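A structural walkthrough
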Amino acid sequence: DITERELQKQELKNMLDVQTLITNCVRMLYAVDDLDQTINAVLTQIGEFLVSDRAYVFEIKDELMNNTHEWTAPGISPQLEKLQQLDLSLISDWLPFFEKNDCIIIDDVEQLQKTNPAAYATLHAQEITSLIAAPIFLDNKLAGYIGIDNYDSEKIKNSSYLLLSMSIFLSYAIRHRNHVDMLHRLSYHDLLTNALNRNAFMDVLSQFRPGQYASAGIIYIDINGMKEINDFYGHHQGDKILITTVAKVFNLFKPDELFRIGGDEFSLVVCTEFDESLCCRIKEQIQNRLCAPFDIDGKTLYVGSSCGYAAYPNDASTANEIRILADQRMYTEKEKHHMFSSLSSSSTGSGLEK
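Residues numbered from 1 in each chain as written. Predicted model: local features only at pLDDT ≥ 70, side-chain atom pairs only at ≥ 80, totals over all residues. Heavy atoms only, no water.

**Looking at the confidence of the model for the protein chain**
Mean pLDDT for the protein chain: 80, with 85% of residues reaching 70 or above. Mean pLDDT per element in the protein chain: helix H1 (residues 2–31) is the minimum at 67, and strand E2 (residues 64–72) is the maximum at 94. (pLDDT = per-residue confidence, 0-100. Helix = DSSP H or I, 4+ residues; strand = E, 2+ residues; numbered from the N terminus.)

Here it is in structure tokens:
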């Protein structure tokens, strides 16, 4: 039967094409350092091979789903930005298939209108008529899925094998990316306060070039009385003060502007439109936030802060000169605080308590 033989030849060719595609995608995943960019390239390969409208990856965390990667065919509107923080219950019908490491295949989305109205509404709004999705596992836990929308029905026969194979390699890629992100976080973030750390601060300074900005500046911030708090109440109470302090001032700045550079020392780097009036406003905001009392062991403590600042190009011409000058001015203000505290403690018993 010539027709049957031709179909078998076509099926074999399709299978070989799938194997070739998997090999190419795996090579891409292991050859490029930028994993997010590579995952998008892999989705492009899969989406075009299956003649689909859209190929994507969702990642699951804390019972919520986020569309993290996406490829769309020409003329198809991207959906990634719209598909964030979706409730996992939307795919509750898919989970039993995923737990068995099976694909979910929906040839006609209209069938969901009665069985899962919420999922139908989400899919229908994206003009999805059919889809296939395969689970992605990390450490035997469902971490997401890879999906294809509106595929060519002639390609569906081997698409489950393709997606399940790729989901394995994508899990390795996502795990590696998560490890890289964790190492970066450990290297550049202060684990206690969640602010950027000294490594990040020095990295920012090393990239500063004269003339890069019209103005730039550094503000050094020192929390007053931390040594006394650690000595009298314990370091665990001092840690609480540090955490609370950062929480109080964090939302005043951009996430990449505040650094913890020492035990009780923080630095703020502002790289645009920095002048003395702006610095005074920032300094006043910080000190107003930090003058609020802290309650420790039933005692009300007033901590406060000492600040020093320096700016480019008015005060200095290099990042290191700005840093040194801001640090010196901060210590000058701190010495004034210590003189006042000494006078206060001699009459009240403590410069911190009231």
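**Topic: the pattern of salt bridges**
A full pass over the atoms with the stated rule returns seven salt bridges. Its salt-bridge partner being Asp190, residue Arg260 comes within 3.2 Å of it at the nearest N-O pair. Highlighted residues: Arg260 in strand E8 (residues 258–260) and Asp190 in the loop between helix H6 (159–188) and helix H7 (198–206), separated in sequence by 70 residues. Each of the two residues, Arg260 as well as Asp190, counts as buried. Sharing partners across several salt bridges, the network here consists of Arg54, Glu70 and Asp149. (Salt bridge = Lys/Arg side-chain N within 4 Å of Asp/Glu carboxyl O. Buried < 20%, exposed > 50% of the residue type's maximum accessible area, 1.4 Å probe, protein only.)

**What about empty space enclosed by the protein?**
This structure, assessed with the given rule, holds two cavities of 30 Å³ or more. For the largest cavity, the calculated volume is near 170 Å³. Lining the largest cavity we find 17 residues, and of these Ile91, Trp94, Thr122, Leu123 and Tyr145 sit closest to its centre. Within the residue set of the lining of the largest cavity, elements represented by two or more residues are strand E1 (54–61), helix H5 (117–125) and strand E6 (141–149). For the lining of the largest cavity, the per-class residue count stands at 13 nonpolar, two polar and two charged. Around the second largest cavity, the lining residues are Ile221, Thr245, Val249, Leu258, Phe266, Ile286 and Leu290. Those elements that place two or more of their residues in the lining of the second largest cavity are helix H9 (235–250) and helix H10 (276–290). In terms of residue class, the lining of the second largest cavity is made up of six nonpolar, one polar and no charged. (1 Å grid on protein atoms, 1.4 Å probe; cavity = no way out; pocket = protein on both sides within 12 Å on 5 of 7 lines; lining within 4 Å. Points joined across faces, edges and corners; volume = space filled by probe spheres on them. Nonpolar A, V, L, I, M, F, W, Y, C, P; charged D, E, K, R; others polar.)

**Things to note about the sheet that holds E6**
Reading across the sheet, the six strands line up as E3-E2-E1-E6-E5-E4 and stay open at both edges, with antiparallel pairing between neighbours. At either end of the open sheet lies a strand with only one pairing partner, and these are strand E3 (86–87) and strand E4 (104–106). The sheet contact formed by E2 and E3 spans two bridges and is antiparallel. From the neighbouring strand, Met65 faces E3, where its bridge partner is Leu86. Its contacts with the sheet put helix H2 (residues 35–49) on E1, E2 and E6, and the angle it makes with E2 is roughly 65 degrees. Most of the contacts of H6 go to strand E5 (residues 131–138), to which it runs at about 40 degrees, and overall it touches E1, E2, E4, E5 and E6. (Pairing = 2+ DSSP bridges. Contact = heavy atoms within 4.5 Å. Axes fitted to C-alpha atoms, helices over the stretch in contact; angles between N-to-C directions.)

**Let's talk about the pairing of strand E12 (residues 305–312)**
In terms of burial, E12 is largely enclosed, as eight of its eight residues are buried. Here E12 shows two buried faces, one formed by Ser305, Cys307, Tyr309 and Ala311 and the other by Ser306, Gly308, Ala310 and Tyr312. Here strand E7 (residues 216–223) runs beside E12; their pairing, made up of eight bridges, is antiparallel. What sits directly across from Tyr220, in E12, is Gly308.

**Observations regarding the side chain of Arg260**
What makes Arg260 buried here is its relative accessible area of 14%. A distance of 3.2 Å separates a polar atom in the side chain of Arg260 from a polar atom in the side chain of Asp190. Here Gly262 takes part through its backbone oxygen, which lies 3.0 Å from a polar atom of the side chain of Arg260. Those residues in contact with Arg260 that sit more than four places away from it in its chain are Asp190, Leu192, Thr193, Ala195, Leu196, Asn197, Arg198, Leu242, Glu265 and Phe266. (Polar contact = N/O pair within 3.5 Å; in protein donor to acceptor, adjacent residues only side chain to side chain.)

**Some remarks on helix H8 (residues 226–233)**
Within the span of H8, buried status applies to Met226, Ile229, Asn230 and Tyr233. For H8, the arc enclosing every buried residue in end-on projection is 105 degrees, short of the 170-degree limit, so these residues lie on one face. Among the exposed residues of H8, those oriented more than 90 degrees off its buried face are Lys227, Asp231 and Phe232. Just beyond H8, the residue with positive phi is Gly234, at close to 100 degrees. (Arc of directions from axis to C-beta.)

**A closer look at the packing of H8 against H9**
Relative orientation of the contacting elements H8 and H9 amounts to 140 degrees, with a least axis distance of 7 Å. Residues Met226, Ile229, Asn230 and Tyr233 of H8 lie in contact with H9, whose contacting residues are His235, His236, Gln237, Gly238, Ile241 and Leu242. Partitioned by chemical class, the residues of the contact of H8 with H9 number five nonpolar, five polar and no charged.

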